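Architecture and fold: a report
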Amino acid sequence: MKRTLTILIFTFSLSTAFGQHLYPEKFEGCQLSRFCLDCGETKAQPPNSFADEILKNLDSKSLKKISGSILIQVIVDTLGAPCLLSAKNESNIKTEKLNLKSAIDKTSKWNPAISKENIEKASVSLKLIFENNRLSIERVVFDFNKNTNMKSVGTPEVKGSKSSKLIYSWTVFNQQNSDLPWDTSRAAVTDNDNILWFGTDNGIVKYENETMEVFTCKNTPLKSEKYNKDRTTSIRYAASDRENNKWFIAGWDVYKYDGATWTVYDSLNSPINWARKIFVDNSNNVWFSSWDGISKFDGEKWLVIDTTNSEIPSNKALGVFVDSKEQIWIGTFDGNIKIDKTNTTKFENSDTPLKSGFISKMQEDKQGNLWFSLYSQDKSKAGMFLLSNDNKWASIRPKDSELFSKNDINDFLLDEEKQILWIALNSVGLVMYDLKNDAWEVYTPENSSVPSIHVMQLTKDKDGIIWAATFAGIIKLNEK
């Protein structure tokens, strides 16, 4: 195989230099004390023989068949020693068959990065391109002048399903292929007009007719970050009410947008103080869980449920839900309650999952069954549960699986039409449960196009398409 060492530039954007795995495949053996991202007035440079050495060190049989590209992140220490930290393999040969880790680590010493006459440990990204029996190498250059960030991919703590057996695929929207203002995204909601709204760590996106409109601290009342006036504070949750108002949690405050006017609810005009989640009931009351209990807003007046006026176990509220019988379910870090008009039910002595698992989210299906995601430090008490309309409890989890055994549920969505339960599982990715066929699939960055182990809020549009906010962009379910 011939080689060409061409240091071409394609620009990615960042706000700060920090050490982390940039790509989904992680490798052990590198010293992970603090390093900078392609820093230095003098950048770290590979030896002239770098491409030849890679070809010599790679598996010879695989080289005869390989085509495609591999993004690699190499740590270059202060002595110039290279160490492969992460990779994104888009070639036709598996990374382990290529012997990629050893091939990179065995290459000659680099010229290390130098900043202000000091030698620094640096992360360098390269793209290895194998085509027509040739290897070319392109350097990935990061642009620190643009107000943007790196995505967070991560390594899943639970192994995903075999990629060949996955039913669905995903389209990813990020800064490189769309107008998304920030890859790290936490909020997603569909409004009454089938318009999608996404909350990122640097603004809100309205997605309509395949076009993105961005709302930031520059064109709305959304606040900026305390130490960066050009960056909008993180949007952590979103909801849409029955009058088509959009609600967003950002920082300590809540924002409402009616399509023309923004309204800010803070500690001066509301009881809200660092809200966590939003729920809209069938009467269009908007409920907020927070560290100061539960707040309800009917459009004019506020009602607070806390330890001073109710039997709620703690003001540190996780989730709130109002079912079709107008029963109010509240989960806190110290227990759950159900309020039925003037009667309050406690669960600490009950023979139910609510005895030791705390409500973070609920959904009611058309048959009146209640679906729960429960949080607990004891993960054997947490996970997904179903309370059927005949008052029977069931745990929703696969047999002989690590799922839910150590990871919290960020969000879930029951797609009743397709009888599929989608679960955003922290530090894993996205879990699909096919209720009709009792089949589970786990989507992670290692086996699918789901780009991050941090999948946050889920939403379904009126065409039946599932969308999700992740720490590496927005994902859209592709129709089969």
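Residues numbered from 1 in each chain as written. Predicted model: local features only at pLDDT ≥ 70, side-chain atom pairs only at ≥ 80, totals over all residues. Heavy atoms only, no water.

**What about the nonpolar core?**
Core analysis: the biggest nonpolar cluster contains 31 residues, and Ile72 and Leu100 have the highest contact counts within it. For Ile72, the residues in contact, after removing those within four places along its chain, are Tyr23, Leu84, Ser86, Ala87, Leu100, Ile104, Val124, Ser125, Leu126 and Leu128. Grouped together as the second largest cluster of nonpolar side chains are 30 residues, Val205, Met212, Val450 and Leu458 included. (Core = buried A, V, L, I, M, F, W, Y, C linked by side-chain atoms within 4.5 Å. Buried < 20%, exposed > 50% of the residue type's maximum accessible area, 1.4 Å probe, protein only. Contact = heavy atoms within 4.5 Å.)

**Quick look at the pattern of salt bridges**
This structure, assessed with the given rule, holds 14 salt bridges. A salt bridge links Lys206 to Glu208; the shortest N-O distance between them is 3.7 Å. Given the relative accessible area of 35%, Glu208 is considered partly exposed. Across the salt bridge formed by Asp230 and Lys218, the nearest N and O atoms sit 3.3 Å from each other. Residue Asp230 is found in strand 17 (residues 228-232), and its partner Lys218 is found in the loop between strand 15 (211-215) and strand 16 (224-225); the two are separated by twelve residues along the sequence. Connected through shared salt-bridge partners, Lys366, Asp415, Glu417 and Lys460 make up one network. (Salt bridge = Lys/Arg side-chain N within 4 Å of Asp/Glu carboxyl O. Helix = DSSP H or I, 4+ residues; strand = E, 2+ residues; numbered from the N terminus.)

**Describing the sheet that holds strand 20 (residues 253-257)**
Across the sheet, four strands lie side by side as 18-19-20-21; this open sheet has antiparallel pairing. Edge strands, defined here as strands with exactly one partner in the open sheet, are strand 18 (235-240) and strand 21 (262-265). Direction aside, neighbouring strands of the sheet carry axes that sit 20° apart on average. Of the pairings in the sheet, the one linking strand 20 to strand 21 comprises four bridges and is antiparallel in character. Counted as the bridge partner of Tyr255 is Val264 from strand 21. (Pairing = 2+ DSSP bridges. Axes fitted to C-alpha atoms, helices over the stretch in contact; angles between N-to-C directions.)

**Some points on the environment of Thr211**
Position of Thr211 among the secondary structure elements: in strand 15. On the basis of relative accessible area, Thr211 is assigned to the partly exposed category, the value being 48%.

**Some thoughts on the packing of aromatic side chains**
Counted according to the given criterion, the structure contains 34 aromatic pairs. Plain terms: the ring middles of Phe333 and Tyr375 are 5.6 Å apart, the flat faces sit at 80° to each other, and that makes the pair edge-to-face. Residue Phe333 is found in the loop between strand 27 (328-332) and strand 28 (335-340), and its partner Tyr375 is found in strand 31 (residues 370-375); the two are separated by 42 residues along the sequence. Among the aromatic residues, those joined into a cluster by ring pairs are Trp197, Phe215, Phe248, Tyr257 and Trp262. The residue whose ring lies beneath Lys316 is Trp291, and the NZ or CZ to ring-centre distance is 5.9 Å. Residue placement shows Lys361 over the ring face of Phe412; its charged tip is 5.4 Å from the ring centre. (Phe/Tyr/Trp six-rings, centres within 6.5 Å; stacked < 30°, edge-to-face > 60°. Lys NZ or Arg CZ within 6 Å of the ring centre and 35° of its normal.)

**Considering unusual backbone geometry**
A positive phi angle, close to 70°, is found at Asn284, a residue other than glycine. Relative to the assigned elements, Asn284 resides in the loop between strand 22 (275-280) and strand 23 (286-290).

**Description of the pairing of strand 29 (residues 343-346)**
Along any regular strand the residues' side chains alternate between the sheet's two faces. Pairing geometry for strand 28 and strand 29, over four bridges, is antiparallel. Its bridge partner being in strand 29, Ile339 is matched across the sheet by Thr344. In this antiparallel pair of consecutive strands, strand 28 and strand 29, the connection spans two residues, and Lys341 shows a positive phi of 60°.

**Description of the sheet that holds strand 31**
In spatial order, the strands read 30-31-32-33; together these four strands make up an open sheet with antiparallel pairing. Taken across any chain shown, the strands that pair with only one partner, and hence form the sheet edges, are strand 30 (358-364) and strand 33 (393-396). For this sheet, the mean inter-axis angle between neighbouring strands, taken without regard to orientation, is 25°. Pairing geometry for strand 32 (residues 383-387) and strand 33, over four bridges, is antiparallel.

**Points about the state of the cysteines**
This structure, assessed with the given rule, holds two disulfides. At a sulfur-sulfur separation of 2.0 Å, the disulfide partner of Cys30 is Cys83. With the S-S dihedral at roughly -95°, the linkage between Cys30 and Cys83 falls on the left-handed side. Linking Cys30 in the loop between strand 3 (25-26) and strand 4 (36-37) with Cys83 in strand 6 (residues 82-91), this pair joins segments that are 53 residues apart in sequence. This pair shows no difference in class: Cys30 is buried, exactly as Cys83 is. Between the sulfur atoms of Cys36 and its disulfide partner Cys39 the distance amounts to 1.6 Å. (Disulfide = S-S within 2.5 Å.)

**Brief notes about the domain arrangement of the protein**
Taken domain by domain, the protein holds domain 1 (25-139) and domain 2 (163-478). Here the C-alpha centre of domain 2 lies 40 Å away from the C-alpha centre of domain 1. (Domains from an automatic or database assignment.)

**Observations regarding the confidence of the model for the protein**
Mean pLDDT over the protein: 90, with 93% of residues reaching 70 or higher. In this model residues 5-19 is a low-confidence stretch, pLDDT under 50, and it forms 50 contacts with partners more than four residues away in sequence or in other chains. (pLDDT = per-residue confidence, 0-100.)

**Some remarks on the pairing of strand 19 (residues 246-250)**
Along strand 19, five of the five residues are buried, which leaves the element largely enclosed by surrounding structure. Because side chains alternate across strand 19, one face comprises the buried residues Lys246, Phe248 and Ala250, and the other comprises Trp247 and Ile249, equally buried. Of the pairings in the sheet, the one linking strand 18 to strand 19 comprises five bridges and is antiparallel in character. Bridge pairing in strand 19 links Tyr237 to Ile249. The loop that links strand 18 with its antiparallel partner strand 19 comprises five residues; one of these, Asn244, has a positive phi angle of about 70°. Pairing of strand 19 with strand 20 involves five bridges; the strand directions are antiparallel. Bridge pairing links Phe248 to Tyr255 in strand 20. Where strand 19 hands over to strand 20, the hairpin turn is made up of two residues, of which Gly251 adopts a positive phi near 60°.

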